[in-house]
Amino acid sequence: MPPVTRPGPLRILVFGAALRAGSSNARLASLVARIISDAGATADLASLRDFDMPLYDGDREEHEGLPPGALALRDRIERNDAFVISSPEYNASVPGLLKNAIDWVSRVRPQPFRTKNAMLVSASPSLIGGNRGLWALRIPLEHLGTRVYPDMFSLADSYRAFDEDGTLADPGLQQRLTDTVSAFLSLVEADVRYVCLERRWYEFLGDRTEASVTQRAEE
């Protein structure tokens, strides 16, 4: 039987998870979106500022339902084939605003994170480029069933890392980012176009859990 294909180019949501106007992660998200577009896919560039949400509150959810920002982010995730997050590192972990957004969206049924492919990148003035924050970010996303791409890209010394045209000043780093994004797009294309890849959700490694019996933001 021939593979079932989805018409049109791949659609990838790319958003920076920092609010600061001059954020290096916003610049990195823009660069990733440009690489995606150059590869022939469609980049849906956004900022976490586009999805305003209060702090997660179970009582508020019960009485008011999900906030518009969470539903808007849900819609953007579902509208795209995969997503890329460019996240800063706060105190060696995930920014609270990003974690809060994940917690709100995790309450949506059906769960939009489940079986989506994601790529994580970061930019930081530190020497490790925010990499510790990306390892922490993998945990809630993988818990929700997201297929987080193994290769992550972390940009160190980010305040001096960009040329005026928005590309990376170091040609080697620019090529590595381009190669990583290209490989991610190839994986997404295989998953979207060829349904013979069986989708499974693993709550923890080796432990298959049904979505219908698991609550997300709070147990």
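Residues numbered from 1 in each chain as written. Predicted model: local features only at pLDDT ≥ 70, side-chain atom pairs only at ≥ 80, totals over all residues. Heavy atoms only, no water.

A. Spotlight on empty space enclosed by the protein. Tallied over the full model, the rule gives one cavity of 30 Å³ or more. Taken as a whole, the largest cavity holds about 50 Å³ of empty space. In this structure, the largest cavity is lined by F15, L73, I77, F83, I85, L98, A101, I102 and F113. At the level of elements, helix 3 (68–79), strand 3 (82–86) and helix 4 (96–105) are the ones that each hand at least two residues to the lining of the largest cavity. The element that contributes the greatest number of residues to the lining of the largest cavity is helix 4, accounting for three residues. Split by residue class, the lining of the largest cavity holds nine nonpolar, no polar and no charged. (1 Å grid on protein atoms, 1.4 Å probe; cavity = no way out; pocket = protein on both sides within 12 Å on 5 of 7 lines; lining within 4 Å. Points joined across faces, edges and corners; volume = space filled by probe spheres on them. Helix = DSSP H or I, 4+ residues; strand = E, 2+ residues; numbered from the N terminus. Nonpolar A, V, L, I, M, F, W, Y, C, P; charged D, E, K, R; others polar.)

B. Representation of the side chain of R107. Note that R107 resides in the loop between helix 4 and strand 4 (117–123). With relative accessibility at 16%, the residue R107 sits in the buried group. (Buried < 20%, exposed > 50% of the residue type's maximum accessible area, 1.4 Å probe, protein only.)

C. The arrangement of the side chain of N80 in detail. Along the chain, the position of N80 falls in the loop between helix 3 and strand 3. Within the structure, N80 has its side chain in polar contact with the side chain of D44 (distance 3.2 Å). Of the polar contacts made by the side chain of N80, one reaches the backbone oxygen of R76; its length is 2.7 Å. Not counting residues within four places of it along the chain, the set of residues in contact with N80 comprises R11, I12, L13, D44 and K116. (Polar contact = N/O pair within 3.5 Å; in protein donor to acceptor, adjacent residues only side chain to side chain. Contact = heavy atoms within 4.5 Å.)

D. Broad picture of the confidence of the model for the protein. Within the protein, residue pLDDT values average 88, and 85% of them lie at 70 or more. Within the protein, no element has a lower average pLDDT than strand 7 (residues 202–204), which sits at 40, and none a higher one than strand 3, at 98. In the model, residues 1–5 has pLDDT below 50 throughout and makes seven contacts with residues more than four positions away in sequence or in other chains. Note that pLDDT drops below 50 for residues 200–216; the model gives that stretch 30 contacts with residues more than four away or on any other chain. (pLDDT = per-residue confidence, 0-100.)

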